[in-house]
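# Fold and contact review
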Amino acid sequence: MMTREEAQRTLLLYRPGTSDAEEPDIAEALNFAKQDAELSRWLEQHCAQQSILREKIRQIPVPVGLKEQIISERPKLARERVTQRVIAMALAVVAVLFVCWRAGLIGNGPSADENFAVYRTRMISAALRGYAMDFESSDPAKIREYLVKEKVAKNYELPNGLQKAVATGCAVEDWDGTKVALLCFSDSGPQSAGGKSDLWLFVVDRNAVKEAPANDTPQFAKVNKLITASWSHGGKLYLLGSFGDEQAIRRWF
């Protein structure tokens, strides 16, 4: 029976969407994670980072004509030139890995340069795993006053549809040292673990998150069990999460 630390070390080698899950040790670690809430949260973030890293590596261009050159040239010359190309590509991969490390996509901890995809996954995970509201109220004005007092997400603007939702309170989350306002609402759909909120809006200064949406046109994406909408407006980045599908979340705009 492996420990949590052993399972986490094993899962560092796990690549989602591949045959890795068929390996006995990784399969055992994945099963362990299903029964361990803390490891499950870590694995969710690890998989999100792996997906982002994979996409960045895919963007490295393959040298034009490399295949034809390998086939046509004399063996010795081909080996020499292919070796040069392989070295060049290896250096390019190392460069990408270095950028990802600096961005916090790999390594031991977060960085202020982490991009929007990581931010979105982390915030939605915070909503789903449960949290304690710092301030409970159904009065939007009082919630706004509290957040102003906490110096977080001043002058935020709610979409017209969301202004009609029933407020339940708010909390202050952290994004690598930057405060994030979490506004909580109640919908008529499935309830969250806390039984009070099932609609969440995260608001943070847009400059705190790289690659954030550029304008106020919502971008929709499924993240874990929630459908999300993301947009930027007035220097703020907004992330709305809800149960259901894209059609369900559109009614809040």
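So, how was this worked out
Residues numbered from 1 in each chain as written. Predicted model: local features only at pLDDT ≥ 70, side-chain atom pairs only at ≥ 80, totals over all residues. Heavy atoms only, no water. Core = buried A, V, L, I, M, F, W, Y, C linked by side-chain atoms within 4.5 Å. Buried < 20%, exposed > 50% of the residue type's maximum accessible area, 1.4 Å probe, protein only. Helix = DSSP H or I, 4+ residues; strand = E, 2+ residues; numbered from the N terminus. Contact = heavy atoms within 4.5 Å. Salt bridge = Lys/Arg side-chain N within 4 Å of Asp/Glu carboxyl O. pLDDT = per-residue confidence, 0-100. Phe/Tyr/Trp six-rings, centres within 6.5 Å; stacked < 30°, edge-to-face > 60°. Lys NZ or Arg CZ within 6 Å of the ring centre and 35° of its normal.

### Remarks on the nonpolar core
Core analysis: the largest hydrophobic core is formed by 24 residues, its most contacted members being L147, Y156, L162, L183, F185, L201 and L240. Where this core is concerned, the elements lending two or more residues are helix 7 (140–149), strand 2 (166–175), strand 3 (178–186), strand 4 (199–205), strand 6 (226–233) and strand 7 (236–242). In this structure, L183 is in contact with L147, Y156, L158, G169, C170, L199, W200, L201 and V203, ignoring residues within four places of it in sequence. With 23 residues, the next largest nonpolar core counts I52, L182, F202 and L237 among its residues.

### Section: the pattern of salt bridges
Between side chains of opposite charge, pairing is possible as soon as their charged atoms come close. According to the stated counting rule, one finds 5 salt bridges in the structure shown. K236 is the partner of D205 in a salt bridge, and the nearest nitrogen-oxygen pair spans 3.9 Å. One end of the pair, D205, is in strand 4; the other, K236, is in strand 7, and 31 residues separate them in sequence. The salt bridge partner of E246 is R250, with a shortest N-O separation of 2.6 Å. Linking E246 with R250, this pair stays in helix 8 (residues 246–250), spanning 4 residues, or about one helical turn. Accessibility expressed as a relative area gives 34% for E246, which makes it partly exposed. One salt-bridge network, in which partners are shared between bridges, spans R4, D36 and E38.

### Looking at the confidence of the model for the protein
In the predicted model, the protein carries a mean pLDDT of 81, and the fraction of residues at 70 or more is 75%. In the model of the protein, helix 5 (residues 75–102) stands out as the element of lowest mean pLDDT, 55, in contrast to strand 7, which has the highest, 97. Residue range residues 189–195 is modelled with pLDDT below 50. Its contacts to residues more than four positions away, or to other chains, number 10 contacts.

### Focus: the packing of aromatic side chains
Enumeration over the complete set of coordinates arrives at 7 aromatic pairs. With centroids separated by 6.3 Å and ring planes inclined at 85°, the aromatic side chains of F220 and F253 adopt a geometry described as edge-to-face. With F220 in strand 5 (residues 219–223) and F253 in the segment after helix 8, this residue pair connects regions lying 33 residues apart in the sequence. Note that R144 overlies the ring of Y156, its terminal NZ or CZ placed 4.0 Å from the centroid.

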